[in-house]
Amino acid sequence: DERVKIELVFSFRNAQEQEIAVFQCAFHFHIKNMHHFYELNSEEKPTFYAILMATLLGISLSTARGIIFEKLTNNQIFNVILPIFSPQKLMAQHK
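Residues numbered from 1 in each chain as written. Predicted model: local features only at pLDDT ≥ 70, side-chain atom pairs only at ≥ 80, totals over all residues. Heavy atoms only, no water.

J.: In this structure, what is going on with the overall build of the chain? I would like to understand it.
T.: Along its length, the chain carries two helices and four strands. Taken from N to C terminus, the helices and strands of the chain fall in the order β-β-β-β-α-α. For the chain, whose C-alpha radius of gyration is 16 Å, the value lies well above the compact-globule estimate of 12 Å for 95 residues. Scored against the burial criterion, the 95 residues of the chain give a buried share of 24%. Of the contacts formed within the chain by residues at least 6 apart in sequence, a portion of 50% connects residues at least 24 apart. In the form shown here, the chain has an accessible surface area of approximately 7,300 Å², with 53% of it arising from carbon and sulfur atoms. Each charge class in the chain can be summarised by its mean position, and for the 9 positive and 9 negative side chains these summaries are 6 Å apart. (Helix = DSSP H or I, 4+ residues; strand = E, 2+ residues; numbered from the N terminus. Rg over C-alpha atoms; globule rule 2.2 N^0.38 Å. Buried < 20%, exposed > 50% of the residue type's maximum accessible area, 1.4 Å probe, protein only. Contact = heavy atoms within 4.5 Å. Areas by Shrake-Rupley, 256 points an atom, 1.4 Å probe, with all protein chains shown as cover. Lys, Arg positive; Asp, Glu negative; His and termini not counted. Charge placed at Lys NZ, Arg CZ, Asp CG, Glu CD.)

J.: Where do I start with helix H1 (residues 50-74) in this structure?
T.: Residue pairs three or four apart in sequence face the same way in an α-helix, which turns once every 3.6 residues. Taking 1.5 Å of rise per residue, 25 residues should cover 36 Å, and H1 covers 36 Å from first to last C-alpha, within 8% of that figure. Within the sequence span of H1, burial applies to Leu 52, Ala 54, Leu 56, Leu 57, Ser 60, Leu 61, Ala 64, Ile 68 and Leu 72. Those residues of H1 that are buried lie in contact with strand E1 (2-13), strand E2 (19-31), strand E4 (46-48) and helix H2 (87-93). (Expected span 1.5 Å × (residues − 1).)

Just distances and angles here, no functional claims.
Laid out in structure tokens, this is it:
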């Protein structure tokens, strides 16, 4: 059994494009029988199946949104729009 780490960085800017907040979130997943969820490429490095990565990315994004919302609210930063991300679209952009 092995682990997968997903690290996300969010940067928020105001209307004047000044950075008002940066959040770096790391999520660690313990995957049982991980060998079922990837194939080795020609360099013997794992290529994970899209369904696994989309699922883990979706969990990470939704959790990060909740953490960020709480941190912003606790620091009196309001009216920040936290968009909903499509894990599949994000993965397609970074192929």
